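Read off the chains here:
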Amino acid sequence: MDAAEFLFPSDLTVTRTKIGKVLLIGSCMAEAYLKYFKEIAPDTVFDWVMFANLAELPDMEEAELRSYDFQYIQLSLRHVVMDEVVNFSGFLADGAAEAILARGQQILRLMLDAALKHNKSHNVPSFVANFFVPQVPVVGALDQIGSAKDFAAIVRRLNDELASLVRHYKNVYLADVDAIGNSIGKRYFLEDAIGFYSHSAYWGPVNDAFDLSPTYNAPSSGRIERLPSMDEVYGSHADQLFKALWRQMECLVRTINQIDMVKLVIFDLDDTMWRGQIAEHYGEAGGWPVLHGWPAGIWEAVQHLRARGIIVAICSKNEETLVRERWPRAVPMWLTLDDFPLREINWRPKAENVGNIIKAASVTPRSTVFVDDNPVERESVRAALPGIRTIGSNPHVTRRILLWSAETQLAFRSQETAKREESIRQLQLRESDRGALSRDEFLQSLGCTVLVKHIQSSTHPDFARSLELLNKTNQFNTTGVRWNAAQLETFFGIGGEIFTFQVSDKYTDYGIVGVILYREGTFAQFAMSCRVLGLEIETSVMHFIMAHLRATAGRTEFVARVFETDANMVCRDIFIRCGFEPADGVVGLQLRGAAPIPSIAGHLSMGFASETAMAAE
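These numbers were taken from a predicted model, which means no experiment stands behind them.

(A) Quick peek at the state of the cysteines. All told, the structure shown has 0 disulfides when counted by the stated rule. C571 supplies the cysteine sulfur nearest to C578, a cysteine that is in no disulfide, at a spacing of 12 Å. For C578, a relative accessible area of 0% translates into the label buried.

Shown next, in the form of structure tokens:
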């Protein structure tokens, strides 16, 4: 397994990552990126802008900037700390190292800000590489390891500073190349074995050329002994390194654009959550299977998935009372059965149980991963639920796939993400109460409040959540179109607006669950979480927004667009239910001024999120 696949698993990838054009901004070291990336991704266009010190980036036309999928920024460590560190006696003088770090942090801030010129002006998605930390302590004596007088420690501090600075910009993310170097082994590529510690660069064929090529040693080197190539002495993993660097970029693109994102992971129990069978191997007699190794790793993986807002569930052919009784023997710490909000532990077919869990979680099979050690069960679930992803044959790779795949990462952790598990629990309680009341009684009992917000720029605090909803919602998504931040920035620039709405009832605060894209009389897209489906919220929100637009903008006619996807059957008639009809010469549906629009459902309380927001309208 090469480093790219090890660090960035592709097991959960369904949709190919399409990267058409990339802007590289960096020092001469970026030339190596350019060479290798062109070989790895021959269908991608790469432009390189030389950048060092505090150089001013050239101006570029908006259309050209919009054409880049992202820009990749490689800052030069040598230009941050300067060659002063080469004089190591001076570096060790009292106060010298501290001054170098303080100055380096200041230069780093200014360099990063200059390199992000196009991000600041046009919100170009940006990945910023950190620095390769020297592979040994760089000290004058052993008692200085890790101190202010350890240059390796200074580079770590600069990496920490860079990570902190990146978080102050929109649509900018850290590319942790040092972590990749640590995994591959820096001895196979890092130049600090032969060159400056502050260079943080790669060695390669050019290093051999300096001594072996007539171009540099005309007419010949004249050395007494044959000089072996660098690869003979150290071995080169440059191919693995650059493949991993490119794969990291692909995964960053996949994460921020939420491609093939996982919302639900369903776990089998026996030989998946623990070794052996709970009915046969975890009785009172003791001598239970060892918990060390992969089982403990799976338990921690479950907790990390929960923290990312991914719902975890159990589907097992077992007796639930026995599982609950023996759970402390199989999983003695760190994880409880109640950490799983959805459970199907019975003897029914697993495909049926998995389908029930997916329905209860209000997701689709294609946003679900099923983990089971039994190949027959995995195949039966795949056959019954097309699009679901299944893993579990090798427990030594399961944790890595679940935690390191781009499809289970978050670009940011929203309030809705943090509350998703509790929302699922309350949803179950709500559905339980639904069965005890008539529909009207149930709806009236909810005390449901809907608050609408109006977004007109990417600076709005709810912009990121809007982007998340547009890209993660499949079932209630009227077009299925996916967006990135730059595209929405363009949408705003041509008069586009976004309306979002958040919902709460007596059971829970669901957070922002819906987003509507609107421009000059056209509802371009409507996406909503299925957790609030069936409460008449979607038609009521449309009534509220259209009434608002009629009152404030004088709009009497509206157009709505709906494109059928393989998953959006539940929302294809949303605009029809709101009074829209097919119209000649219009791509979509049309509502004329004289046509009735639905009223706000009587059980809902609806308004703008605040008086300030309403006044701004």
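(B) Just helix α16 (residues 350–361), in detail. Taking 1.5 Å as the rise per residue, α16 with 12 residues should run 16 Å; its terminal C-alpha atoms sit 16 Å apart, in good agreement. Among the residues of α16, K350, A351, N353, V354, I357, I358 and A361 are the ones counted as buried. Buried residues of α16, seen end-on, are gathered within an arc of 165° and therefore sit on one face of the element. If you follow the buried residues of α16, they end up packed against β6 (264–267), β7 (311–317), β8 (342–346), β9 (368–371), α17 (375–384) and α20 (420–434). Phi for S362, located one or two positions after α16, is positive at around 55°.

(C) Quick look at the pattern of salt bridges. Counting across every chain of the model gives 35 salt bridges. A salt bridge links K350 to D372, with the nearest nitrogen and oxygen atoms 2.5 Å apart. On the criterion of sequence distance, the pair formed by K350 in helix α16 and D372 in the loop between β9 and α17 is long-range, its members being 22 residues apart. D372 matches K350 in its accessibility class, with the two residues each being buried. Members of the salt-bridge network, linked through shared partners, are R306, D339, E421 and R425.

(D) Representation of the environment of Y188. Along the chain, Y188 falls in the loop between α9 (177–184) and α10 (205–212). Sequence separation between Y188 and M230 is 42 residues; the distance between their C-alpha atoms is 9.8 Å. Not counting residues within four places of it along the chain, the set of residues in contact with Y188 comprises W203, Y234, G235, S236, H237 and A238. A distance of 2.5 Å separates polar atoms of two side chains, one belonging to Y188 and the other to R187.

(E) A look at the sheet that holds β9. Overall, parallel pairing links the 5 strands, which are arranged β8-β7-β6-β9-β10 in an open sheet. This sheet does not close on itself; its edge strands, each paired only once, are β8 and β10 (389–391). In this sheet, neighbouring strand axes are inclined to one another by 20° on average, regardless of whether the strands run parallel or antiparallel. Seen against the sheet, helix α14 (residues 294–307) touches β6 and β7 and runs at an angle of roughly 155° to β6. Seen against the sheet, α16 touches β6, β7, β8 and β9 and runs at an angle of roughly 160° to β7.

(F) Quick look at the sheet that holds strand β16 (residues 581–582). Spatially, 8 strands are ordered β16-β17-β15-β14-β13-β12-β11-β18 in an open sheet, and the strand pairing comes out mixed. Both edges of this open sheet fall to β16 and β18 (604–608), since each of them pairs with a single strand only. Where β16 and strand β17 (residues 589–591) come together, 2 bridges link them in antiparallel fashion. Paired with E581 across the two strands is Q590, which belongs to β17.

(G) Highlighting the pairing of β7. Buried residues dominate β7, accounting for 6 of its 7 residues. Bridge count for β6 against β7 is 4 bridges, and the pairing is parallel. Considered in β7, the bridge of I266 is made with A313. Two strands pair when backbone bridges link them, and β7 and β8 are joined in this way by 5 bridges, in the parallel orientation. If you follow I314 over to β8, its bridge partner there is R343.

What counts and what doesn't
Residues numbered from 1 in each chain as written. Predicted model: local features only at pLDDT ≥ 70, side-chain atom pairs only at ≥ 80, totals over all residues. Heavy atoms only, no water. Disulfide = S-S within 2.5 Å. Buried < 20%, exposed > 50% of the residue type's maximum accessible area, 1.4 Å probe, protein only. Helix = DSSP H or I, 4+ residues; strand = E, 2+ residues; numbered from the N terminus. Expected span 1.5 Å × (residues − 1). Arc of directions from axis to C-beta. Contact = heavy atoms within 4.5 Å. Salt bridge = Lys/Arg side-chain N within 4 Å of Asp/Glu carboxyl O. Polar contact = N/O pair within 3.5 Å; in protein donor to acceptor, adjacent residues only side chain to side chain. Pairing = 2+ DSSP bridges. Axes fitted to C-alpha atoms, helices over the stretch in contact; angles between N-to-C directions.

Shape is all these values report; function is a separate question.
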